[in-house]
Amino acid sequence: MRISELANLSGCTVETIRFYEAKGILPKPARTSSNYRIYNDKHLEQVTFIRHCRALDISLEEIRLLVSQLYSPKSEELSKAHNIIENHLTAIDQKIEELLKLKQQLEKLHAHCHHDDHENGKCAVIEALKQPE
């Protein structure tokens, strides 16, 4: 299949596929005598794998490591996949904690707002934001 077909089947753009090739995450395809790229089902599987990883916010470097394990897994390196996911879970837990703190701060700030002051040219939210934390 040509690159446009791979793009349509995988839901990626042609530019994204070329980017993955340039980064060495997707193997270079064979070429026709007219120099067109020819992709196969293995390429489609890998692009699908890469897209799934990106949807999970896995970095390109981490994807490179995971892709290397797709077809010839080395038992001593398989735990790296587990570690990558575990690290992402830890990072997400930290982000959730930070977002909950941010939400609390915004709720506290929002509680200062009394629309009746607006007619007097005052806003309790603005006044609260002027204060040091």
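Located above this text is the structure these notes cover.
Engineer: So what's going on with a nonpolar patch on the surface? Which residues, and what values?
Structural biologist: The grouping of Ile92, Ile96 and Leu100 at the surface amounts to a nonpolar patch, some 270 Å² of accessible area in total. Summarising the element assignment, isoleucine 92 is placed in helix H5 (residues 79-111).

Engineer: Could you give an account of the packing of helix H3 (residues 41-55) against helix H4 (residues 60-68), naming the residues involved and the relevant values?
Structural biologist: For any two helices packed against each other, the geometry is given by the interaxial angle and the distance between the axes. Viewed as axis vectors pointing N to C, H3 and H4 meet at an angle of 140°, and their least axial separation amounts to 10 Å. In terms of their interaxial angle, H3 and H4 are classed as oblique. Once H3 is placed against H4, the crossing between them reads as right-handed. Between H3 and H4, the residues in contact are Gln46, Phe49, Ile50, Cys53 and Arg54 and Leu60, Ile63, Leu66 and Val67, respectively. Partitioned by chemical class, the residues of the contact of H3 with H4 number 7 nonpolar, 1 polar and 1 charged.

Engineer: Before we move on, can you summarise the pattern of salt bridges with the specific residues and values?
Structural biologist: Following the criterion strictly, the structure yields 4 salt bridges and no others. In this structure, glutamate 21 engages arginine 37 in a salt bridge whose closest nitrogen and oxygen atoms are separated by 3.2 Å. Pair noted here: glutamate 21 is in helix H2 (residues 14-22) and arginine 37 is in strand E2 (residues 37-38), with a separation of 16 residues, a long-range link. No difference in accessibility class separates glutamate 21 from arginine 37, as the two residues are buried. Here glutamate 61 ties to arginine 64 by a salt bridge, and the two come within 3.4 Å at their closest N and O atoms.

Engineer: Lay out the nonpolar core in plain terms, naming residues and giving numbers.
Structural biologist: Counting 18 residues, the largest nonpolar core has Leu6, Ile17, Ile50, Ile58 and Ile63 as the members making the most contacts within it. If you list the elements that add at least two residues to this core, you get helix H1 (3-10), H2, H3 and H4. Ranked by residues supplied to this core, first place goes to H3 with 4 residues. Apart from the residues lying within four places of it in its own chain, the contact partners of isoleucine 58 are Cys53, Ile63, Leu66, Ile84, Ile85 and His88.

Parameters at a glance
Residues numbered from 1 in each chain as written. Predicted model: local features only at pLDDT ≥ 70, side-chain atom pairs only at ≥ 80, totals over all residues. Heavy atoms only, no water. Patch = residues over 30% accessible without salt bridge, like charges linked within 9 Å, V, L, I, M, F, W, Y side chains within 5 Å. Areas by Shrake-Rupley, 256 points an atom, 1.4 Å probe, with all protein chains shown as cover. Salt bridge = Lys/Arg side-chain N within 4 Å of Asp/Glu carboxyl O. Helix = DSSP H or I, 4+ residues; strand = E, 2+ residues; numbered from the N terminus. Axes fitted to C-alpha atoms, helices over the stretch in contact; angles between N-to-C directions. Parallel < 35°, antiparallel > 145°, perpendicular 65-115°, else oblique. Left-handed = near helix turned anticlockwise from the far one by under 90°. Contact = heavy atoms within 4.5 Å. Nonpolar A, V, L, I, M, F, W, Y, C, P; charged D, E, K, R; others polar. Buried < 20%, exposed > 50% of the residue type's maximum accessible area, 1.4 Å probe, protein only. Core = buried A, V, L, I, M, F, W, Y, C linked by side-chain atoms within 4.5 Å.

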